[in-house]
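Structural features, examined
The chain contents come next:
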Amino acid sequence: MPVGGKLGGSSLFSGFRVLGLHSNHLPHALRYHKKHREFYVVTAVGKCFHTYNVNKLGITAVSNSLSEDISCLAADRMLVFVAAGSEISAFARNKEEVRRYSAHRQEVRLLLPLGDQLVSVDAGGDLIVWDTQGGDIYLRLQFDPLTFDPSAILHPSTYLNKVLLGSSQGALQLWNLKTSKLLFSFPGWSAGVTVLQQSPAADIVGVGTATGRIIIHNIRVDETLMSFTQDWGPISSLAFRTDGPPLVASGSPQGHIAFWDLERRQLVAQQRHAHRSAVAAATFLHGQPLLVTNGADNAIKVWIFDQEGGGARLLRSRQGHSAPPTTIRHHSNDGQNILSAGQDGTLQSFSTVHERFNKNLGHGSINKKKEQKKKKGLAYEELRLPAITAFASAVARQSDWDGIVACHRGRPAATTWNLQKCTMGAHRLLPPGGRGDDNAATAVDITSCGNFALIGSSSGHLDAYNLQSGLHRGCYGDDGIAHSGGAVRGVCVDALNQLTFSAGGSDWLLKIWRFKSRKQEAELQLSAAPAAMRLHRESGMLALALDDFTLLVVDTATRRIVRKFTGHSGKINDMTFSPDGRWLVTAAMDCTIRTWDLPSGSLVDCFLVAMAPVGVSLSPTGDFLATAHVDSLGVCLWTNQSLCSLVSLRPLPADFQPITVALPGARPDEAEQEVTSSDEAEDEEYASPQQLEAELVTLSLQAESRWKNLLQLDAIRKRNRPSAPPAAPAAAPFFLPTRAGLTPHFLSPDQTQQQQEVQSKVLQWGVLSQKSEFCTALESALESNSFDRPLLLLKSLGPSSLSIEISSLSAEGGGASDNSLLLAFLRMIDGMLASGRDFDLAHAYLALFLKLHLRSLSRDAGAMETLLRLSARLEAGWAELRASFDQSLCLLAYAKSALL
């Protein structure tokens, strides 16, 4: 780092979410929510895990990220246990880490929740039984990896405190965890155990081996009931059907699934190419004809068994790219759809709104004639086209014909695709005549009207095609060669179909052609070979990325280079313009994403990412930036912060050193987000504090009717006076003992007897004037200097009762003769004003108090001194509030009247 260099992240873009990321090579975990009566599947994705509901396969929760990639996961009814390296974490509500278990010295490979305990096994053969609540170690066993290397673990049904361990050497061991004793050893079948699965019948266990054998074994009597052999390699997963038919499903590393009938002891059906990679796990839903599978091809699939012969069909799925995407482009004008082409050869559309709008256009095939030969034994791989290297799309006529054109690696013909039908188009845009087997389409563009497609090839040819008919409409250049000696690196057409721009990789030329006549008008010599080209049709700015890591911006109106940017230290993979044409965002192999301001000609934003970006696209609305990265299966979304807040885009200094920004993670859909723990407590409601800050003024939560009309109670009583006299109440019993106060409370017989015993027959002065509960609480508060209880009593009273309570504070109303209760009330009001709490109640209570007792207080010097201090506090508080009110009113009046 240079001395004095400035460090910083992105001030323009912040990570939002990742699209198209669903699963990896780890087996999933299945959970059942008793309250929702729904199954949930948990899959690992890098350093976090996702939770989907099986009913809709909508993502409901995304966990917090861990420090390392997840190595295995398991789940019970309360928690999700995740192992990352040698650490084990317990997650509650599928998101928050609540506990961590640290005692392993090597990577944890196996996890098994067992009641209130968790069994974990690491790569060194160390088995630990944990107490899930306290995190204490209950039992620890050490196995020698040379003689018994645990590779699978199972808790047999009805076997209390027992686990069955399978080893890579082939032997099995049954252990009692409570007594830490080895109960029985099974010699095995001379093949490593890969899977152990409990069958619906007790004592019967399914064993999958590395040689492809499936053994149905009775562990109680140590007897093999039957065995099957799979021809697709080792058994990667086993699943028993529980809704009636005795079927067992086995997964293979090639992505095939076989279904075996246990009664007839034969293969009844098979699902070939269920996944593009190994089947990581397959699980039957209990009591339902549904099978959930996941694999390393980034797919989760639900299969339903409703076909004759025991076969299954795909019911629903969530799948992204099985290989990293290489090219991404926004398709619709609203910026809600992103087209992505990956190394797996598929073309997919990801929605930024909801996953249910995602579309998979599938894998391109060679031609329809060879597709008809599938039944004749043609290999599945021979029908597929290579990966897409470049594509272009248009929305103008996509309802009438195909609106996407794609170039494939090493193929001379370009293919058309239809997004609305989610299929490959009918046309193959192949140039006329033979141009050699090594000729391949390298660049493509579609006109803004959606009628024509221009395709550049590796031989230097540039051809025009009609998208409606798929016919060839002509070539550019003499003898049909636009750029001699090398490939066409880029091709663009302006907004009015007047000019065509092409860049050659060998002649270092940017050529400008007439679109209709296909005649060359001008050419521009470049300083290096162009690597990519992008045109902003609205402004006419053409950006060129050269092989010497520099950027050129050409004004197509004047046909001159108007900007040149340097700063990248690696190959520039992709670039995109902002909707208004002011910014140029570039992504390069130096792992930086840079934003260049074209009017000022300076770099205004730059940040590093952990994986080099290979594709970048800014939405037509400018709200999201989409990026694709090396070795990443998802499409990352970044929010444009300049749309939400004020961002100062100043030119970055020459010694600016960007810092690495973490890639965004997935986020659950708000419509699908739920708490999936079966016995979790309900979400605790947020309890707002009584006062946020001591210097703030806080109003009470009392209704206005409780305090606003205290000064008008006489007028309200006069208005509400009944026209007829009140009816006589029902006769009450004689001499009911009551307790002193405004509201009558009857005494219990025990209290009445005690009162009669201690009561004297001589009446004392003041006995007839009974004190209320509020007066008693006010006297106690005067001694303790805490007025919370009398204030709570006042809040609980209505306006009439509150007026009577305040009237009874004077000596005439039954209060103390020395005005102590009046002074105590003033101290209570002074404390309310000093704290800033219940600001409205303090003023209402004080106004009523002064109306009733100001005449008697004016004769007391001590009371007048207290009132003067209270008046000074009131004036200071109102002065501060008045300044804030005046400032707000001034700004509001200016905003209404000023000419902005």
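Residues numbered from 1 in each chain as written. Predicted model: local features only at pLDDT ≥ 70, side-chain atom pairs only at ≥ 80, totals over all residues. Heavy atoms only, no water.

It is worth spelling out the overall build of the protein at this point. On a plain count of helices and strands, the protein comes out with nine helices and 60 strands. Looking at the 900 residues of the protein, the share that counts as buried comes to 49%. Partitioning the contacts of the protein with sequence separation of at least 6, the portion at a separation of at least 24 is 47%. About 44,100 Å² of surface is accessible on the protein, with carbon and sulfur atoms providing 51% of the total. (Helix = DSSP H or I, 4+ residues; strand = E, 2+ residues; numbered from the N terminus. Buried < 20%, exposed > 50% of the residue type's maximum accessible area, 1.4 Å probe, protein only. Contact = heavy atoms within 4.5 Å. Areas by Shrake-Rupley, 256 points an atom, 1.4 Å probe, with all protein chains shown as cover.)

Judged by pairing direction, the sheet is antiparallel, and its four strands sit side by side in the order β3-β4-β5-β6 without closing on themselves. Strand pairing shows two members of the sheet lacking a second neighbour, β3 (29–33) and β6 (58–62), which therefore form its edges. For this sheet, the mean inter-axis angle between neighbouring strands, taken without regard to orientation, is 30°. Taken together, the five bridges between β3 and strand β4 (residues 38–45) define a ladder with antiparallel strand orientation. The residue bridging arginine 31 from the neighbouring strand is tyrosine 40, located in β4. (Pairing = 2+ DSSP bridges. Axes fitted to C-alpha atoms, helices over the stretch in contact; angles between N-to-C directions.)

We now examine the nonpolar core. Judged by nonpolar contacts, the single largest core of 37 residues is most densely connected at Leu778, Leu809, Phe825, Ile829 and Tyr845. Those elements that provide at least two residues to this core are α4 (773–784), α5 (788–795), α6 (799–807), α7 (820–835), α8 (839–857) and α9 (861–897). Membership of the second largest hydrophobic core comes to 17 residues, among which are Val18, Trp583, Val609 and Leu633. (Core = buried A, V, L, I, M, F, W, Y, C linked by side-chain atoms within 4.5 Å.)

This paragraph deals with the pairing of strand β15 (residues 150–154). The two faces of a sheet get side chains in turn, since along a regular strand they alternate between them. The buried fraction of β15 amounts to four of the five residues, a majority that puts the element mostly inside the structure. Both β15 and strand β16 (residues 162–167) contribute to a ladder of four bridges, which runs antiparallel. The residue bridging proline 150 from the neighbouring strand is serine 167, located in β16.

Summing up the model confidence of the protein, the mean pLDDT is 86 and the portion of residues at 70 or higher is 88%. In the predicted structure, residues 1–6 sits below a pLDDT of 50 and forms eleven contacts with residues beyond four places in sequence or in another chain. Taken together, the stretch residues 763–768 has pLDDT below 50 and engages in zero contacts with residues farther than four places along the chain or on a different chain. (pLDDT = per-residue confidence, 0-100.)

The subject of this paragraph is the pattern of salt bridges. Applying the stated criterion across every chain yields a total of 17 salt bridges. Aspartate 445 is paired through a salt bridge with arginine 537; the nearest N and O atoms lie 3.3 Å apart. Of the two residues, aspartate 445 is situated in strand β39 (residues 441–446) and arginine 537 in the loop between β47 (530–536) and β48 (541–546); the sequence distance between them amounts to 92 residues. Taking the relative accessible area as the measure of exposure, aspartate 445 reaches 13% and is therefore buried. The exposure class assigned to arginine 537 is partly exposed, which follows from its relative accessible area of 26%. Within the structure, one salt-bridge network assembled from shared partners comprises Arg329, Arg534 and Asp574. (Salt bridge = Lys/Arg side-chain N within 4 Å of Asp/Glu carboxyl O.)

Turning to the pairing of strand β37 (residues 414–418), a few remarks are in order. Taking burial as the measure, the five residues of β37 include five buried ones, the bulk of the element. Here β37 shows a buried face lined by Ala414, Thr416 and Asn418 and a second buried face lined by Thr415 and Trp417. Pairing of strand β36 (residues 404–408) with β37 involves three bridges; the strand directions are antiparallel. Note that in β37 the partner of alanine 406 across the bridge is threonine 415. As consecutive antiparallel partners, β36 and β37 are separated by five residues, and within that stretch glycine 410 has a phi angle of approximately 75°, a positive value. Taking the residues that link successive antiparallel strands as the turn, the β37-strand β38 (residues 423–429) hairpin has four residues, and the phi of cysteine 422 there is positive, at about 55°.

With respect to the helices and strands, the residue arginine 534 is situated in strand β47. Arginine 534 gets classed as buried once you look at its relative accessible area, which sits at 16%. Polar contacts involving the side chain of arginine 534 include one to the main-chain carbonyl oxygen of methionine 575, which spans 3.1 Å. Every residue in contact with arginine 534, bar those within four places of it in the chain, is listed here: Arg329, Cys492, Met541, Leu542, Ala543, Asp574, Met575, Thr576, Phe577 and Val616. (Polar contact = N/O pair within 3.5 Å; in protein donor to acceptor, adjacent residues only side chain to side chain.)

Another aspect to go through is the packing of α6 against α8. Remark: α6 packs on α8, axes separated minimally by 10 Å, with the N-to-C direction vectors making an angle of 50°. In terms of axis orientation, α6 runs oblique to α8. Crossing of α6 against α8: the hand is right-handed. Contacts between α6 and α8 involve Leu802, Ser803, Ile806 and Ser807 on the former and, on the latter, Tyr845, Leu848, Phe849, Leu852 and His853. Among the residues making up the contact of α6 with α8, the classes are represented as six nonpolar, three polar and no charged. (Parallel < 35°, antiparallel > 145°, perpendicular 65-115°, else oblique. Left-handed = near helix turned anticlockwise from the far one by under 90°. Nonpolar A, V, L, I, M, F, W, Y, C, P; charged D, E, K, R; others polar.)

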